[in-house]
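Now for the letters of each chain:
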Amino acid sequence: MANYVLVHGAWHGGWCWRDVVNDLVGAVGAVHAVTLTGLGERSHLMSPLITLETHIADVAGTIEANELDDVVLAVHSYAGMIGTALADRMPARIRHLVYVDAVVPQPGESWSSTQASATREARLAAAQASPDYSLPAPGPEAFALTGEAAEWYRRRATPHPGHTYQAPLDFDPRRAAGVARTFVDCNQPALATIDAIRDRVRDAAFWDGAWAGGAGARVVEMATGHDPMITRPGELAALLRQCAG
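Residues numbered from 1 in each chain as written. Predicted model: local features only at pLDDT ≥ 70, side-chain atom pairs only at ≥ 80, totals over all residues. Heavy atoms only, no water.

What follows deals with the overall build of the chain. Each helix and strand counted, the chain has 9 helices and 8 strands in total. Scaling as 2.2 N^0.38, a compact globule of 245 residues should have a C-alpha radius of gyration of about 18 Å, and the chain matches this with 16 Å. Seen through its C-alpha atoms, the chain measures out along the principal axes to roughly 45 × 40 × 35 Å. Put simply, the chain has 245 residues, and 55% of those count as buried. Summarising the internal contacts of the chain: among those between residues at least 6 apart in sequence, 78% fall at separations of at least 24. For the chain, the exposed area adds up to about 9,500 Å²; of that, 50% sits on carbon and sulfur atoms. For the chain, the centre of its 19 positive side-chain charges and the centre of its 27 negative side-chain charges are spaced 2 Å apart. (Helix = DSSP H or I, 4+ residues; strand = E, 2+ residues; numbered from the N terminus. Rg over C-alpha atoms; globule rule 2.2 N^0.38 Å. Buried < 20%, exposed > 50% of the residue type's maximum accessible area, 1.4 Å probe, protein only. Contact = heavy atoms within 4.5 Å. Areas by Shrake-Rupley, 256 points an atom, 1.4 Å probe, with all protein chains shown as cover. Lys, Arg positive; Asp, Glu negative; His and termini not counted. Charge placed at Lys NZ, Arg CZ, Asp CG, Glu CD.)

Quick look at the structure:
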């Protein structure tokens, strides 16, 4: 049976996968919802020393320490940087990489590379103004969350380590393309900071053609906003089970 490792995006924590985990547990192998250093219940570890490599190590460590193979690795938003790194560094352990409305970088790019200059400038200014070089969490309306979902996010969201924002990732795209990939396009409404990625993953020439080649890649649309693990957990869990096949 496949094992599942679920990685949240910026400002979230392992908490956001709660309903997906509840759907998967008992029907699949092991399920691990990782909380990255400095976020969620690990927010007491916030530090300007946290980098992208810290977060890559968090997830790699979960896979290694739990001796997981045949991993369906689901990465949300910012964590697309982490998933791409692990597809390059430990491809034999990953059965399927699922980018959930996530960043899919080119070699040498950072999380911020495809965002508008005004967005980058505002986020960097906010980090500089914070005591620990962190990015303050946006309100739930940024992710089209309403009602109880918005209140849950508002209670649980935490600042995100700022030095992950402009950290470049070097990787071999052809090695990463050896892992089967699915991009989940959550476009109702679409988050503007992911728009460039939506176009990118539909381009057969992306990663010099390796994206569409290798072990194969596909794009699946989901009629919800940026946080489907909160707004459509059952549908997302079903998709993750399908990716294990």
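Burial analysis of helix α3 (residues 80-89) places 9 of its 10 residues in the buried class, which makes it a mostly covered element. Listing the buried residues of α3 in full gives G80, M81, I82, G83, T84, A85, L86, A87 and D88. Where the residues of α3 are buried, they touch β1 (3-7), α2 (52-65), β3 (71-76), β4 (94-100) and α6 (173-176).

Let's shift gears to the pairing of strand β8 (residues 217-222). In the case of a regular strand, side chains alternate between the two sheet surfaces. The pairing of strand β7 (residues 180-186) with β8 spans 6 bridges and is classified as parallel. Residue pairing across strands places D185 opposite E221, the latter belonging to β8. Read as a crossover between parallel neighbours, the route from β7 over helix α7 (residues 195-200) to β8 is right-handed. (Pairing = 2+ DSSP bridges. Right-handed = clockwise from strand over helix to strand, strands pointing away.)

Quick look at helix α5 (residues 147-156) now. All of the buried residues along α5 are A149, A150, W152 and Y153. Buried residues in α5, looked at end-on, bunch into an arc of 160°, giving them a common side. Facing away from the buried side of α5 by more than 90 degrees, the exposed set consists of G147, E148 and R155. Buried residues in α5 make contact with α1 (18-24) and α8 (228-231). (Arc of directions from axis to C-beta.)

Mapped onto the fold, T158 is located in the loop between α5 and β6 (160-161). Separated by 3.3 Å, the side chain of T158 and the backbone nitrogen of G40 make a polar contact. Apart from residues lying up to four places away in sequence, T158 is in contact with W11, H12, L39, G40, S43 and A137. (Polar contact = N/O pair within 3.5 Å; in protein donor to acceptor, adjacent residues only side chain to side chain.)

For the rest of this paragraph, the subject is the side chain of D58. Its place among the elements puts D58 in helix α2. Not counting residues up to four positions away in its chain, the partners in contact with D58 are L36, T37 and R42.

We now examine the environment of V104. Its location among the elements puts V104 in the loop between β4 and α4 (117-129). For the pair formed by V104 and F183, sequence separation is 79 residues and the distance between their alpha carbons is 8.9 Å. Apart from the residues lying within four places of it in its own chain, the contact partners of V104 are Y99, F183, I197, R200, V201, F206, W207 and W211.

Another point: the sheet that holds β1. Spatial strand order, β2-β1-β3-β4-β7-β8: 6 strands in an open sheet with parallel pairing. Strands at the two margins of the open sheet, each flanked by one partner only, are β2 (31-34) and β8. Within the sheet, the average angular offset between the axes of one strand and its neighbour, ignoring direction, is 15°. Summarising the sheet, β1 and β3 pair through 5 bridges and their orientation is parallel. Across the sheet, Y4 pairs through a bridge with V72, a residue of β3. Packing against the sheet, helix α9 (residues 233-243) makes contact with β1, β3, β4, β7 and β8, and its axis sits at approximately 165° to β8. (Axes fitted to C-alpha atoms, helices over the stretch in contact; angles between N-to-C directions.)

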